[in-house]
Amino acid sequence: MSTPARHKDGEFRPGDRYDVPARAAGGGRLFYYLTVRITGLLLTILVLGHFIVTHITTDVAETDTDFIARRWDSVLWLLWDWAMLTAAMLHGAAGVWISIEDYTPDHEKRRRRQRLLVSISTLLFVLGLIVIAAAIF
Amino acid sequence: MTLAQLLFVLALAAVLVAVVGFGFVVISSAARRGGGSYLDTGLIRRLQRYPEERAEFNRWAFYAHRFTGFAVFAFLCLHILDISLYALAPQAYDEVHVVYGWTPMRLSECALLFAILFHTFNGLRILAIDVADLGSRVSRRLLIGAVVLTALLGLGGSAIIMAPVLT
């Protein structure tokens with residue numbers, strides 16, 4: 001542990017900066033951290049943009065098959081939706097994964113739930129990929 | 001109501017049940033081991049302390065982040081399924097899509113917007129805390145900013161979403 005900054009009276013006060021002890025950057029932990037942060041940053045633009053296009057600039061009642069067909073004529077929107085699907089599934093599954101970790105003390109039950117999460121996420125991700133691929137071919 | 005619409009509404013209800021259930025898990029876990037950050041009569045008193053002692057706000061931000069994240073992910077799972085109808089059964093897609101224009105569904109879309117906005121701004125705050133090594137004072141101010149932005153943009157967006165059924 002490195003020493004946090006102290007005041008002259010030797011007290012720590014709320015708001016003091018604590019130097020974070022150097023943690024062995026284990027591959028898994030670092031990979032998880034970077035995945036969540038990078039996909040999160042991408043999603044701020046991808047998801048808010050998606051929501052604006054489907055709810056603000058276009059009323060949601062107008063987003064029928066014609067709307068999708070028109071939008072998916074453009075490679076940009078196909079790329080957008082593919083990137084959004086990939087980032088959202090990674091980010092969401094990672095978040096639920098760590099929640100299961102926190103809320104399931106029993107080791108066996110935890111592994112079962114995490115396996116279930118991975119199966120469902122993978123299935124939905126593949127389904128999403130198929131739908132986007134079907135729009136291309 | 002067609003069969004596809006009925007199935008969609010039932011699936012949406014299942015998503016809502018899952019989200020509420022997850023909320024209970026988060027709150028009850030907080031009550032067990034979250035250091036007092038739970039809903040009880042002491043909450044108002046705890047939040048009236050001096051700002052320096054109000055680290056509890058950050059814990060509430062953590063619970064809200066988790067809850068909104070789960071809610072958005074749960075909806076996303078349903079959303080992938082209903083969009084997949086576009087490729088598998090376009091007729092059914094158009095039927096289900098009509099539900100999105102109904103008033104209760106529009107209200108859930110407003111709730112979804114608030115969840116996305118809070119999760120986005122609080123997420124950016126967490127990133128800023130890590131990258132710029134912000135102290136607790138600045139991060140608390142950023143939290144207030146995130147909540148204010150969520151409220152403003154959420155209300156504005158909700159007005160636009162609800163406008164077609166209100167007029």
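One structure accompanies this document, and this report is about it. (Residues numbered from 1 in each chain as written. Chains lettered and ligands numbered in written order. Predicted model: local features only at pLDDT ≥ 70, side-chain atom pairs only at ≥ 80, totals over all residues. Heavy atoms only, no water.)

1. Structural notes on the overall build of chain A
Alright, step 1. Counting its secondary structure elements, chain A contains 4 helices and 0 strands.
Alright, step 2. Listed N to C, the secondary structure of chain A is α-α-α-α in terms of helices and strands.
Alright, step 3. Counting all 137 residues of chain A, 37% fall into the buried class.
Alright, step 4. Nonlocal contacts in chain A, meaning residues at least 24 apart in sequence, comprise 53% of its contacts between residues at least 6 apart.
Alright, step 5. For chain A, the exposed surface amounts to about 8700 Å²; the carbon and sulfur share of it is 67%. (Helix = DSSP H or I, 4+ residues; strand = E, 2+ residues; numbered from the N terminus. Buried < 20%, exposed > 50% of the residue type's maximum accessible area, 1.4 Å probe, protein only. Contact = heavy atoms within 4.5 Å. Areas by Shrake-Rupley, 256 points an atom, 1.4 Å probe, with all protein chains shown as cover.)

2. A closer look at the overall build of chain B
Alright, step 1. For chain B, the count of helices and strands is 6 helices and 0 strands.
Alright, step 2. In chain B, the order of α-helices and β-strands from amino to carboxyl end is α-α-α-α-α-α.
Alright, step 3. Principal-axis analysis of the C-alpha atoms places the extent of chain B at approximately 60 × 35 × 30 Å.
Alright, step 4. Within chain B, buried positions represent 44% of all 167 residues.
Alright, step 5. Long-range pairs, those at least 24 residues apart, make up 70% of the contacts in chain B between residues at least 6 apart in sequence.
Alright, step 6. Summed over its atoms, the accessible surface of chain B is roughly 8700 Å², and 74% of this surface lies on carbon and sulfur atoms.
Alright, step 7. When the 13 basic and 10 acidic side-chain charges of chain B are each reduced to a single mean position, those positions are 13 Å apart. (Lys, Arg positive; Asp, Glu negative; His and termini not counted. Charge placed at Lys NZ, Arg CZ, Asp CG, Glu CD.)

3. What about the packing of aromatic side chains?
Residues and elements named next belong to chain B.
Alright, step 1. Going through the model one piece at a time under the given rule, you end up with 8 aromatic pairs over all chains.
Alright, step 2. With a centroid separation of 4.1 Å and an interplanar angle of 10 degrees, the aromatic rings of F22 and F70 are classed as stacked. Here the residue F22 occupies a position in helix α1 (residues 3-33), and F70 occupies one in helix α3 (residues 56-88), the gap between them amounting to 48 residues.
Alright, step 3. Given a relative accessible area of 10%, F22 falls into the buried group. (Phe/Tyr/Trp six-rings, centres within 6.5 Å; stacked < 30°, edge-to-face > 60°.)

4. Observations concerning the interface of chain A and chain B
Alright, step 1. Taken together, the contact pairs 41 residues of chain A with 46 residues of chain B.
Alright, step 2. Of the roughly 3600 Å² buried where chain A meets chain B, counting both sides, 70% is carbon and sulfur surface.
Alright, step 3. The tally of links between chain A and chain B comes to 3 salt bridges.
Alright, step 4. Notably, a salt bridge pairs A:D59 with B:R106, separated by 2.9 Å at the nearest N-O pair.
Alright, step 5. Viewed at the interface, chain B and chain A are joined by 13 residue pairs in polar contact (both at pLDDT 80 or more).
Alright, step 6. Those elements giving two or more residues to the side of chain A that touches chain B turn out to be α1 (27-56), α2 (65-71), α3 (75-103) and α4 (107-136) of chain A.
Alright, step 7. If you tally residues by element for the side of chain A that touches chain B, the top one is α3(A), at 11 residues.
Alright, step 8. Residue composition of the side of chain A that touches chain B, grouped by class: 24 nonpolar, 11 polar and 6 charged. (Buried area = accessible area lost by both parts, 1.4 Å probe. Salt bridge = Lys/Arg side-chain N within 4 Å of Asp/Glu carboxyl O. Polar contact = N/O pair within 3.5 Å; in protein donor to acceptor, adjacent residues only side chain to side chain. Nonpolar A, V, L, I, M, F, W, Y, C, P; charged D, E, K, R; others polar.)

5. Observations concerning the side chain of B:N122
All names here are of chain B.
Alright, step 1. Turning to its location among the elements, N122 is positioned in helix α5 (residues 103-132).
Alright, step 2. In terms of polar contacts, N122 uses its side chain to reach the side chain of R125, at 2.9 Å.
Alright, step 3. Other than its neighbours up to four places away in sequence, N122 contacts A61, H65, L143 and A146.

6. Re a positive patch on the surface
Alright, step 1. On the surface, A:K109, A:R111, A:R112, A:R113 and A:R115 cluster together to form a positively charged patch.
Alright, step 2. Structurally, A:R115 can be placed in helix α4. (Patch = residues over 30% accessible without salt bridge, like charges linked within 9 Å, V, L, I, M, F, W, Y side chains within 5 Å.)

7. A word on the layout of surface pockets
Alright, step 1. Taken as a whole, the second largest pocket holds about 490 Å³ of empty space.
Alright, step 2. Every residue lining the second largest pocket is counted, 18 residues in all, and those nearest its centre are A:V96, A:I100, A:L117, B:F22 and B:F70.
Alright, step 3. Where the lining of the second largest pocket is concerned, the elements lending two or more residues are α3 and α4 of chain A together with α1 and α3 of chain B.
Alright, step 4. A class-by-class count of the residues in the lining of the second largest pocket yields 14 nonpolar, 3 polar and 1 charged. (1 Å grid on protein atoms, 1.4 Å probe; cavity = no way out; pocket = protein on both sides within 12 Å on 5 of 7 lines; lining within 4 Å. Points joined across faces, edges and corners; volume = space filled by probe spheres on them.)

8. Some words on the nonpolar core
Proteins that are soluble and globular tend to have nonpolar side chains buried together.
Alright, step 1. Formed by 59 residues in total, the largest nonpolar core has its most connected members in A:I68, A:W72, A:M89, B:F8 and B:F73.
Alright, step 2. Here the element with the most residues in this core is α3(B); it accounts for 12 residues.
Alright, step 3. Sequence-distant contacts of A:W72, that is, excluding residues within four places in its chain, are made with A:W77, A:L78, A:D81, A:V131, A:I132, A:A135, B:I83 and B:Y86. (Core = buried A, V, L, I, M, F, W, Y, C linked by side-chain atoms within 4.5 Å.)

Fair warning: the whole summary comes from geometry, so function is off the table for now.
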